[in-house]
Amino acid sequence: VQLQASGGGLVQPGGSLRLSCAASGSIFSINVMRWYRQAPGKQRELVAFITSGGSTNYHDSVKGRFTISRDNAKNTVYLQMNSLSREDTAVYYCNADGLLDAWRTFGSWGQGTQVTVSS
């Protein structure tokens, strides 16, 4: 299973970006889809996740500003990021786990997309 992330870029403080991550391959079902980020010199941290049923959870630092959603028909997860600050600058990675068939599971990472918040 391959995950292709897109949507990163340069944005001014207070601006918005929308990240997308599409899963492809022989997928039976996707369970949880997640967004992580890693800032320079820092450990990778979980930003948000969404379950197959649509339940969501967020890192405290992004609550009220970021929204995670998914389109199960397209095997795609999104991260709408509003009110961006310089502290949100990082490489953002998507992650997903699920089933390839009734017996085999998968866990995959996307390649990362750079988000830079700067004036």
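The coordinates are above.
Cut-offs used in this document
Residues numbered from 1 in each chain as written. Predicted model: local features only at pLDDT ≥ 70, side-chain atom pairs only at ≥ 80, totals over all residues. Heavy atoms only, no water. Pairing = 2+ DSSP bridges. Helix = DSSP H or I, 4+ residues; strand = E, 2+ residues; numbered from the N terminus. Axes fitted to C-alpha atoms, helices over the stretch in contact; angles between N-to-C directions. Salt bridge = Lys/Arg side-chain N within 4 Å of Asp/Glu carboxyl O. Buried < 20%, exposed > 50% of the residue type's maximum accessible area, 1.4 Å probe, protein only. Disulfide = S-S within 2.5 Å.

### Describing the sheet that holds strand 7 (residues 66–71)
- One open sheet holds the four strands; their spatial order is 1-3-8-7, and the pairing between them is antiparallel. Among the strands making up the open sheet, the edge pair consists of strand 1 (2–6) and strand 7. Direction aside, the axes of adjacent strands within the sheet are offset by 15° on average.
- Strand direction decides the pairing type here: strand 7 and strand 8 (residues 76–81), joined by six bridges, are antiparallel. Each residue of the ladder has a partner; that of T67, found in strand 8, is Q80.

### Section: the pattern of salt bridges
- For the structure shown, the criterion picks out six salt bridges.
- One salt bridge in this structure joins D97 and R34, with 2.8 Å as the shortest N-O distance. Of the two residues, D97 is situated in strand 9 (residues 90–99) and R34 in strand 4 (residues 29–38); the sequence distance between them amounts to 63 residues.
- Taking relative accessible area as the criterion, D97 reaches 19% and is therefore assigned buried.
- Here K63 ties to D60 by a salt bridge, and the two come within 3.0 Å at their closest N and O atoms.
- Residue classification places K63 among the partly exposed positions, given a relative accessible area of 47%.
- Judged by its relative accessible area of 60%, D60 falls in the exposed class.
- Connected through shared salt-bridge partners, R37, E45, R65 and D88 make up one network.

### Quick word on the state of the cysteines
- Scanning the entire structure with this criterion turns up one disulfide.
- In this model C21 forms its disulfide with C94; the gap between the sulfur atoms is 2.0 Å. Judged by the sign of its S-S torsion, about 60°, the bond between C21 and C94 is right-handed. You can see C21 sitting in strand 3 (residues 17–24) and its partner C94 sitting in strand 9, a full 73 residues away along the chain. Residues C21 and C94 agree in their burial class; the two are buried.

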